[in-house]
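# Summary of structural features
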Amino acid sequence: MSVAVFGAVIGVFLQGILSMSDRMEREGAETLRSAVARASVQCYAIEGRYPPSVAYLEENYGVKIDRERFDVFYEGFASNIMPSITVNSRVREE
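Report follows, based on the coordinates. (Residues numbered from 1 in each chain as written. Predicted model: local features only at pLDDT ≥ 70, side-chain atom pairs only at ≥ 80, totals over all residues. Heavy atoms only, no water.)

Moving on to the packing of helix 1 (residues 2-47) against helix 2 (residues 54-61). The interhelical angle for the contact between helix 1 and helix 2, taken along N-to-C directions, is 75 degrees, at an axis separation of 10 Å. The angle between the axes of helix 1 and helix 2 places the two elements in the roughly perpendicular class. Where helix 1 abuts helix 2, its residues Val36, Ala39, Ser40, Gln42, Cys43, Ile46 and Glu47 lie against Tyr56, Leu57 and Tyr61. Of the residues contributing to the contact of helix 1 with helix 2, the split by class is seven nonpolar, two polar and one charged. (Axes fitted to C-alpha atoms, helices over the stretch in contact; angles between N-to-C directions. Helix = DSSP H or I, 4+ residues; strand = E, 2+ residues; numbered from the N terminus. Parallel < 35°, antiparallel > 145°, perpendicular 65-115°, else oblique. Contact = heavy atoms within 4.5 Å. Nonpolar A, V, L, I, M, F, W, Y, C, P; charged D, E, K, R; others polar.)

The next thing to look at is the pattern of salt bridges. Per the stated rule, a full pass over the model turns up six salt bridges. A salt bridge links Arg23 to Glu27; the shortest N-O distance between them is 3.6 Å. With a gap of four residues between them, Arg23 and Glu27 both fall in helix 1, about one helical turn apart. For Arg33, the salt bridge identified is with Glu30, shortest N-O distance 3.2 Å. Placement of both Arg33 and Glu30 in helix 1 is noted, with a separation of three residues, approximately one turn of the helix. By relative accessible area, Arg33 is classed as partly exposed at 28%. (Salt bridge = Lys/Arg side-chain N within 4 Å of Asp/Glu carboxyl O. Buried < 20%, exposed > 50% of the residue type's maximum accessible area, 1.4 Å probe, protein only.)

Relative to the helices and strands, Glu25 is located in helix 1. Residue classification places Glu25 among the buried residues on the basis of a relative accessible area of 12%. A polar atom in the side chain of Glu25 sits 3.5 Å from the side chain of Arg69. (Polar contact = N/O pair within 3.5 Å; in protein donor to acceptor, adjacent residues only side chain to side chain.)

Using the criterion set out here, one finds two aromatic pairs in the structure. Taking the centre distance of 6.4 Å and the plane angle of 45 degrees together, the rings of Tyr56 and Tyr61 count as tilted. The ring of Tyr56 has Arg49 lying over it, and the distance from NZ or CZ to the ring centre is 5.2 Å. (Phe/Tyr/Trp six-rings, centres within 6.5 Å; stacked < 30°, edge-to-face > 60°. Lys NZ or Arg CZ within 6 Å of the ring centre and 35° of its normal.)

Turning to helix 1, a few remarks are in order. Under the 1.5 Å per step criterion, the end-to-end length of helix 1 is 67 Å for 46 residues, consistent within 8% with the ideal 68 Å. Turning to helix 1, its buried residues number three or more, namely Glu25, Gly28, Ala29, Leu32, Val36, Ala37, Ala39, Ser40 and Cys43. Summarising the contacts, the buried residues of helix 1 are in contact with helix 2, strand 1 (70-75) and strand 2 (84-89). Residue Gly48 follows helix 1 closely and has a positive phi angle near 80 degrees. (Expected span 1.5 Å × (residues − 1).)

These values are about where atoms sit, not about what they do.
This is the structure:
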């Protein structure tokens, strides 16, 4: 009986850790998306155009992207229209 209870407690604990890890990964992706959007707006305010790429933001506006954790999709239609920014967490193989 006590072994089953102990196993259940461990299972709940591990599920909680995995759930928290997933939430932190989602929050990290949203934080990065917000940082890229803010840097894009800052570029527009300073230069009068949105940046042509995320690499431009990394080089000129100090945006740091952990490419092992995130994929960033940056689609600009025109230099005077806010680009579409999507950040996805990468699937990690353990």
